[in-house]
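Residue-level listing of the chains:
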Amino acid sequence: MQLIAGNWKMNGSVALAEAIATPLAAAADGLACELLVCPPATVLAWTAQLLHGSKVMVGGQNCHAKASGPHTGDVSAPMLKDAGAAWVILGHSERRADHGESDAVVRAKAAAATAAGLQAIICVGETEAQRLAGQAEAVVAAQLEGSLPDGFAGVVAYEPVWAIGTGRTASEADVAAMHAHVRAVLVRLLGEGGAGMRILYGGSVKASNAASLMAVANVGGALVGGASLDAADFLAIARAAG
Ligand code: PEP
């Protein structure tokens, strides 16, 4: 079953959470995929309450590698869990760029998430300059090698940086090639666990391109940014998934 995950990024209010969660909860039973929303920390608990009893899952967008302590402004994995999250997105390219998150930091956060009972979605992806230089596969392999804890059992999201929030989507051929590459690296790193791991595609997924992207081999779902802020758009993507 594919996973369609919505990353609200630094968007969302109590009112928006309600506007998105209510129709998702009503529609989730009829979907062939799993649905996940990742609101900002301020409305995570509220969103989890709204979705309680529905099939829609809730996740955070980041967590600290420590469980608690003197880290002003940060949120830990056990705190996300306590607020109602079952998932957390880690290593998103915006966090890697805005906060200098290295592979080692992402790896420590993923271990903390697992210890807290959260499922982690670890994001990887090359910049446009790296792709143009023919380095895309090597960059993604290095990110996977550095970011995944030993025995990692979560989800990986391939998100080419140049396709995030730009309206540009990787071609089906590029997605097929990169997801096959990610699969091979996961099998090398994790054996059997890597063979069955879901690999999400992210980067300007919308209702009009979701069906063709979700049909590509080794695509286990989507990580959706902009289009996840509108319930109708997000549900249209979910209906294209299986
Ligand atoms: C993302 O935030 O992970 C993302 C893929 O954003 P968008 O769908 O807006 O490109």
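Residues numbered from 1 in each chain as written. Predicted model: local features only at pLDDT ≥ 70, side-chain atom pairs only at ≥ 80, totals over all residues. Heavy atoms only, no water.

**Student:** Account for the nonpolar core, naming residues and giving values.
**Tutor:** Membership of the largest hydrophobic core comes to 67 residues, with the highest contact counts inside it found for Ile4, Leu24, Leu35, Leu144, Val156, Leu186 and Tyr201. Considering each element in turn, this core owes the most residues, 6 residues, to helix α8 (residues 172–190). Excluding residues that lie within four positions of it along the chain, Leu35 makes contacts with Ile4, Leu24, Lys55, Val56, Met57, Phe234, Leu235 and Ala238. In terms of nonpolar packing, the next biggest core, distinct from the first, is built from 12 residues, Leu3, Trp87, Cys123 and Leu223 among them. (Core = buried A, V, L, I, M, F, W, Y, C linked by side-chain atoms within 4.5 Å. Buried < 20%, exposed > 50% of the residue type's maximum accessible area, 1.4 Å probe, protein only. Helix = DSSP H or I, 4+ residues; strand = E, 2+ residues; numbered from the N terminus. Contact = heavy atoms within 4.5 Å.)

**Student:** Account for the site of the ligand, with residues named and values stated.
**Tutor:** Taken together, 14 residues surround the ligand, and among them Lys9, Glu159, Gly165, Ser204 and Gly225 come closest. In this structure, an oxygen atom belonging to the ligand sits 2.9 Å away from a side-chain N or O atom of His92. Gly225 has a polar backbone atom sitting 2.8 Å from an oxygen atom of the ligand. Here the ligand, which alone exposes 290 Å², has 95% of that area covered by the protein. With respect to the detected pockets, the ligand is housed in the second largest pocket. Taken together, the residues of the shell around the ligand sort by class into 4 nonpolar, 8 polar and 2 charged. (Near = heavy atom within 4 Å. Polar contact = N/O pair within 3.5 Å; in protein donor to acceptor, adjacent residues only side chain to side chain. Areas by Shrake-Rupley, 256 points an atom, 1.4 Å probe, with all protein chains shown as cover. 1 Å grid on protein atoms, 1.4 Å probe; cavity = no way out; pocket = protein on both sides within 12 Å on 5 of 7 lines; lining within 4 Å. Sits in = over half its atoms within 2 Å of the grid points. Nonpolar A, V, L, I, M, F, W, Y, C, P; charged D, E, K, R; others polar.)

**Student:** Account for helix α1 (residues 14–27), with residues named and values stated.
**Tutor:** Quick reminder: α-helices carry 3.6 residues per turn. Residues three or four places apart thus point the same way. Taking 1.5 Å as the rise per residue, α1 with 14 residues should run 20 Å; its terminal C-alpha atoms sit 20 Å apart, in good agreement. Listing the buried residues of α1 in full gives Ala17, Ile20, Ala21, Leu24 and Ala27. Buried residues along α1 sit against β2 (34–38), α2 (44–51) and α11 (231–240). (Expected span 1.5 Å × (residues − 1).)

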